[in-house]
Amino acid sequence: MAKEIVKKQIDSIFESPFIQVLKSSIRKTEVPLPLARLTANVIPLSVGDDARLRTAVMSPANYDRELLQLLYSKTEFVNPSTPAEPLQISYDQFCSALTSQDKLMLLWAIYKSTYETLGPRTVTCSNENCKNKFQVEISLDDLIQEDSITPWDKESPVSEYIYPIEIEDTKSNLVYIFDSHIPNLYRVNSILSRMSTTKIQHNLETQGSVYTLKDIVVSITKKITIHPVGDNENVVETTDFADIDQAFSKYIRKTIWDEYRKKYDEHFSKYDVRFYTKLKCPKCQQEFDYDVDLEVEFFRRSLLE
Ligand SMILES: [Zn+2]
């Protein structure tokens, strides 16, 4: 889809000198996209963007799509060989090449360029005997710690990388081979398109996350192959989204997907982006890590404010 690229070029031709001066005064935040192996410059949210997100929040899939389009429109990709000329990436390429981890980095950058801090908040001391509540103001820079980001270090790009995980289920006499991967933005959006806002709110309230465990397991699974134990001839497989969803909701035993999830995490969890800061309780001096889920922060902002 070259349409967006052409539109961007036309926009810049017709910009008045007045707009060009304003545009060049906007502070950009540079951010690495660790899994897509790109560098991006992100510009702040405007008042119109806030309203756009608030309207879209009625439907989670729309919300996510709006958010992706918004992030795309605020992002310029750095071209290492021609620093003055940004890398042209279509919206399609953006959604297929980037993962949720890269999206988190863009969210971080848009937050930083727009607000600089998360705003004042009350934190409870992690010491069981203290539980003191105190106010902190956390800046976006504070959330990046030494081990927050691990760049993708495999030879093939993350969008093409498959990690097969084989598990034998003696109870059902089946061998499962799960072709697992780190899902791209398209795949995560297709999961959201199957959810209602009520369900997402429920997930937020009960587990503090937008997705349930099943949604995550479905999103990380590209293909399932099954055959009877000791019989490699009678093989059936599926890459169909609805089939994979049904398999996990109805047929695959919990212990199997727990084991699957465990093996997946052993292989992939090091690439998770972790935003946290180190805090010290003013009362008992206990030091502890305070984690922030930027995706939830962003969703809550649009939902509640
Ligand atoms: Zn304390």
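Quantities reported herein were computed from a predicted structural model and do not represent experimental measurements. (Residues numbered from 1 in each chain as written. Predicted model: local features only at pLDDT ≥ 70, side-chain atom pairs only at ≥ 80, totals over all residues.)

**Notes on the overall build of the protein**
Then, number 1: Secondary structure summary: the protein contains 12 helices and 11 strands in total.
Then, number 2: Taken along its principal axes, the extent of the C-alpha atoms in the protein is 70 × 60 × 40 Å.
Then, number 3: Each of the 305 residues in the protein was classed as buried or not, and the buried ones make up 25%.
Then, number 4: For the protein, contacts bridging at least 24 residues in sequence account for 68% of all contacts bridging at least 6. (Helix = DSSP H or I, 4+ residues; strand = E, 2+ residues; numbered from the N terminus. Buried ≥ 20, exposed ≤ 12 C-beta atoms within 10 Å, placed from the backbone. Contact = placed C-beta atoms within 7 Å.)

**A short note on the nonpolar core**
Then, number 1: Grouped together as the largest cluster of nonpolar side chains are 49 residues, with contacts concentrated most on Met105, Leu106, Trp108 and Ala109.
Then, number 2: Apart from the residues within four sequence positions on either side, tryptophan 108 is in contact with Val31, Leu140, Leu143, Phe275 and Leu294. (Core = buried A, V, L, I, M, F, W, Y, C linked by C-beta atoms within 7 Å.)

**Focus: the domain arrangement of the protein**
Then, number 1: In terms of domains, the protein is made up of domain 1 (3–114), domain 2 (118–149 + 277–297) and domain 3 (158–271).
Then, number 2: Between domain 1 and domain 2, the residue contacts involve seven residues of the former and five residues of the latter.
Then, number 3: Looking at which element gives the most residues to the side of domain 1 that touches domain 2, the answer is helix H6 (residues 100–115), with five residues.
Then, number 4: Among the residues making up the side of domain 1 that touches domain 2, the classes are represented as six nonpolar, no polar and one charged. (Domains from an automatic or database assignment. Nonpolar A, V, L, I, M, F, W, Y, C, P; charged D, E, K, R; others polar.)

**A word on the sheet that holds strand E8 (residues 221–228)**
Then, number 1: Reading across from one edge, E6-E7-E8-E9 is the order of the four strands in this open sheet, with antiparallel pairing throughout. At either end of the open sheet lies a strand with only one pairing partner, and these are strand E6 (163–169) and strand E9 (236–238). Sheet twist, expressed as the average angle between the axes of neighbouring strands with direction ignored, equals 15 degrees.
Then, number 2: Two strands pair when backbone bridges link them, and strand E7 (residues 174–180) and E8 are joined in this way by seven bridges, in the antiparallel orientation. If you follow serine 180 over to E8, its bridge partner there is threonine 221.
Then, number 3: Contacts from helix H11 (residues 254–268) reach E6 and E7 within the one sheet, and its direction differs from that of E6 by about 150 degrees. (Pairing = 2+ DSSP bridges. Axes fitted to C-alpha atoms, helices over the stretch in contact; angles between N-to-C directions.)

**Some points on the sheet that holds strand E1 (residues 29–33)**
By way of backbone hydrogen bonds, the strands of a sheet pair with one another, either parallel or antiparallel.
Then, number 1: Spatially, E1-E2-E3 is the arrangement adopted by the three strands of the open sheet, whose pairing is antiparallel. Both outer strands of the open sheet, E1 and strand E3 (75–77), are each paired with one neighbouring strand and no more. Neighbour to neighbour, the strand axes of the sheet diverge by 30 degrees on average, direction disregarded.
Then, number 2: As judged from the three bridges shared by strand E2 (residues 38–42) and E3, these two strands associate in the antiparallel manner. Bridging from a neighbouring strand, valine 42 pairs with threonine 75 of E3.
Then, number 3: Running over the sheet, H6 touches E1, E2 and E3 and is turned about 170 degrees from E1.

**So, unusual backbone geometry**
Then, number 1: Despite not being glycine, arginine 37 has its phi angle at roughly 55 degrees, a positive value.
Then, number 2: Looking at the secondary structure, you find arginine 37 in the loop between E1 and E2.
Then, number 3: What makes arginine 37 partly exposed here is the crowd of 14 C-beta atoms within 10 Å.

**Structural notes on the pairing of strand E10 (residues 276–280)**
Then, number 1: Two strands pair when backbone bridges link them, and E10 and strand E11 (residues 287–291) are joined in this way by five bridges, in the antiparallel orientation. Paired with tyrosine 276 across the bridge in E11 is aspartate 291.
Then, number 2: Counting the residues between successive antiparallel strands, the hairpin from E10 to E11 contains six residues, one of them, glutamine 285, with a positive phi of roughly 70 degrees.

**Comments concerning the environment of leucine 53**
Then, number 1: Inspection of the secondary structure assignment puts leucine 53 in helix H3 (residues 47–56).
Then, number 2: Judged by the 20 C-beta atoms lying within 10 Å of it, leucine 53 falls in the buried class.
Then, number 3: Along the chain, leucine 53 and glutamate 66 lie 13 residues apart, while their C-alpha atoms are 6.6 Å from each other.

**A short note on H11**
Then, number 1: The terminal C-alpha atoms of H11 lie 20 Å apart, and with 15 residues this matches the ideal 21 Å at 1.5 Å per residue to within 8%.
Then, number 2: The set of residues buried in H11 consists of Trp257, Tyr260 and Tyr264. Each buried residue of H11 sits inside an arc of 55 degrees when the element is viewed along its axis, so together they form one side. Exposed residues pointing more than 90 degrees away from the buried face of H11 are listed as Lys254, Thr255, Asp258, Lys262, Asp265 and Glu266.
Then, number 3: At its buried positions, H11 is contacted by E6, E7, helix H9 (213–219) and helix H10 (241–251). (Expected span 1.5 Å × (residues − 1). Arc of directions from axis to C-beta.)

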